Amino acid sequence: MATKPGTGDTVETSGRRLRFGVLIALALLAVLGLRLVVIQGVDASGHASAAMDERLRSVTITPERGSILDSQGRVLAASVDRYDLVADQRLVKDYRAWNDETSEMEDVSLDDSLQELSTVLGIEAGELKDRMVGDRPYKVIVKRVTPEVKEKALEIGIPGLLAEPVSERSYPNGSVAGSILGFLGGDGTPLEGLELSQDEHLSGTAGERSYEIAADGVRIPNAEFSETPAVDGQDLRLTIDQDVQWFAQEAIAEKTESYDAAWGNMTVMNAKTGEILAMADSTTVDPADPTATDTLFWRPTSLTQSYEPGSTGKISTFATALEKGVSPTDTWTVPNKQEFDGQVINDSMPHDTYDMTTAGIFTRSYNTGTVQVAETVDDQVRYDYLKQLGVGEHLDIGLPGSNQGILVDPSQWDSRQRFTTMFGQGYTQTTLHLAQILQTMANGGVSKDAQLIDAYIDPDGSENVVPEAEGTRVYSEETSEEMLRLMEGVVELGTATPAQIPGYRVGGKTGTGEAAGVGGYNGYTTSFAGVAPLDDPQFVVAISVHRPQGDWKTWQVEDTAAEMLSYLLTKYNVPPQDQEPQNYDVFPDEPQKRPW
């Protein structure tokens, strides 16, 4: 039978195609076989690891931030539980849910569920849908909801809606000690105060949780799971007494407002230990709303603002002179104006020329007499004692922003500065410096470093108490006792009679220094440092008010110090002694007061 023309060619062509197809299939099978050998034999563990990586998810476990407590253990700052609601948009859709009433699964409309969620979160349902529906695996829906809101939201049962625990900082006392505590940013970053400087202790160490998930993003039950627990931060116990801090803030705010001053501050210190009981500002930041307050008050001005102290600077001048041999009863002739090495020194108000005791010069705060007393001591010696008292040095109390003030070496003093430094001008210091100077006098001449942090408390309750500073002897006990008597004279007969407290012996020193501004001196800072009771010193109070308005002769802050000291003596149950004052006479020839 004859073959039709062209048929043989077609069969031959089909055969070649078939053979070619078989060869390609065999080649592909060979490649796949080789690949299986590599996967299952040569690199089995590597591919298994890659597959595990695809399924494995890791979640950071956030440690609880430590609390900040006052000296009595009362909470000043703490972390509270909050939750971010997040969604895997790929899973958010209509779903089926169990109905307890009908005892069967039922279809649930996503729109109905979003309407219910809208009521819980207070967010319009349409906006919720925009946030939750899409193709993103992770989308934050709302941040920092309470545990109660979180539970209500999750009970609705919308697939893909999850809750992530976060920590939010709470300051239950509002602005009390706000500038000391500091605050966190919106993302939890520490920005100011102890929250910033002590973050290493407060923040703790994060942990990690790892688990396997299926293709739909749901965790695989009984699959691999591991967890490294988080270590919570340490609590911080301060020397601050919450009640004293509040009282001090109220008192200094009232005084500063009465003089329409730029700012005022008060530091309260334990005279024996250097522990800070309060560090108050006339305006105090609320850590929960810091932007509502001028940034000047985000940190304690007692720590950050230095000024020329004026006559409170005479405390160190007279103490050094007594230490070097001057007697409280030595007699000096004190005019209203006097020239020293070509420099004319004036007193603040005109007065007759008096024969006065050393103590009397301090009592009436005469500059001319002060220079006479200070001239008995070498400039370098005076400078060295100021440095020992901390002037010109940073005072580290565990807070950022310490202002060391300005105290240049005597070799750089000009012909007038060597005299002005004798009565508190030509150098600057903070109110905290002033408090520490007075603490030295009240503590028998031994300076204790100012202390703000009492202890670090571990999560298990173990306390790591900050040891009390050993202290540095600056003046002899005899000198410090004499200085207390000189300061009692200021309160009994001198410039600070409003500081008297019935039943207690009180000592202190007033000061008014010129305040530098653009173009030179254009204002004043008035201050007072007081201590009580003098028979057994317990408390030191230092107050400064910057740029008060009005007549400087009417300014007084010693009455506010008396209010503070009276409160402390009552609060801490220090009984009155009703002792007679032991101050020295102002004049050597007669004890009675003379006209100013």
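Residues numbered from 1 in each chain as written. Predicted model: local features only at pLDDT ≥ 70, side-chain atom pairs only at ≥ 80, totals over all residues. Heavy atoms only, no water.

J.: I would appreciate a short explanation of the overall build of the protein chain in the present structure.
T.: Secondary structure assignment for the protein chain yields 18 helices and 23 strands. Every one of the 596 residues in the protein chain was classed for burial, and the buried ones make up 48%. Here the contacts in the protein chain between residues at least 6 apart in sequence split such that 72% fall between residues at least 24 apart. Here the protein chain has roughly 28200 Å² of accessible surface; of this, 49% comes from carbon and sulfur atoms. (Helix = DSSP H or I, 4+ residues; strand = E, 2+ residues; numbered from the N terminus. Buried < 20%, exposed > 50% of the residue type's maximum accessible area, 1.4 Å probe, protein only. Contact = heavy atoms within 4.5 Å. Areas by Shrake-Rupley, 256 points an atom, 1.4 Å probe, with all protein chains shown as cover.)

J.: Looking at this structure, how should I read a negative patch on the surface?
T.: Residues Glu250, Glu254, Glu257, Asp260 and Glu563 make up a contiguous surface patch of negative charge. The element best represented in the negative patch is helix α9 (residues 242–258), accounting for three residues. Mapping Glu250 onto the fold places it in helix α9. (Patch = residues over 30% accessible without salt bridge, like charges linked within 9 Å, V, L, I, M, F, W, Y side chains within 5 Å. Salt bridge = Lys/Arg side-chain N within 4 Å of Asp/Glu carboxyl O. Lys, Arg positive; Asp, Glu negative; His and termini not counted. Charge placed at Lys NZ, Arg CZ, Asp CG, Glu CD.)

J.: Where do I start with the pairing of strand β12 (residues 276–281) in this structure?
T.: Side chains on a regular strand alternate between the two faces of the sheet. Counting buried positions along β12 gives six out of six residues, so the element sits mostly inside the fold. Where strand β11 (residues 263–270) meets β12, five bridges bridge the pair, whose relative direction is antiparallel. Residue pairing for β12: Asn265 is matched across the bridge by Asp281. Connecting β11 to the next strand, β12, in antiparallel fashion are five residues, including Gly274 with a positive phi near 85°. (Pairing = 2+ DSSP bridges.)

J.: When you look at the packing of helix α16 (residues 431–442) against helix α17 (residues 477–493) in this model, what are you seeing that I'm missing?
T.: Contact geometry of α16 with α17 gives a least axis separation of 8 Å together with a crossing angle of 115°. It follows from the interaxial angle that α16 and α17 lie roughly perpendicular. Of the residues in α17, those in contact with Leu438, Met441 and Ala442 of α16 are Ser480, Met483, Leu484 and Met487. Along the lines of polarity and charge, the residues of the contact of α16 with α17 split into six nonpolar, one polar and no charged. (Axes fitted to C-alpha atoms, helices over the stretch in contact; angles between N-to-C directions. Parallel < 35°, antiparallel > 145°, perpendicular 65-115°, else oblique. Nonpolar A, V, L, I, M, F, W, Y, C, P; charged D, E, K, R; others polar.)

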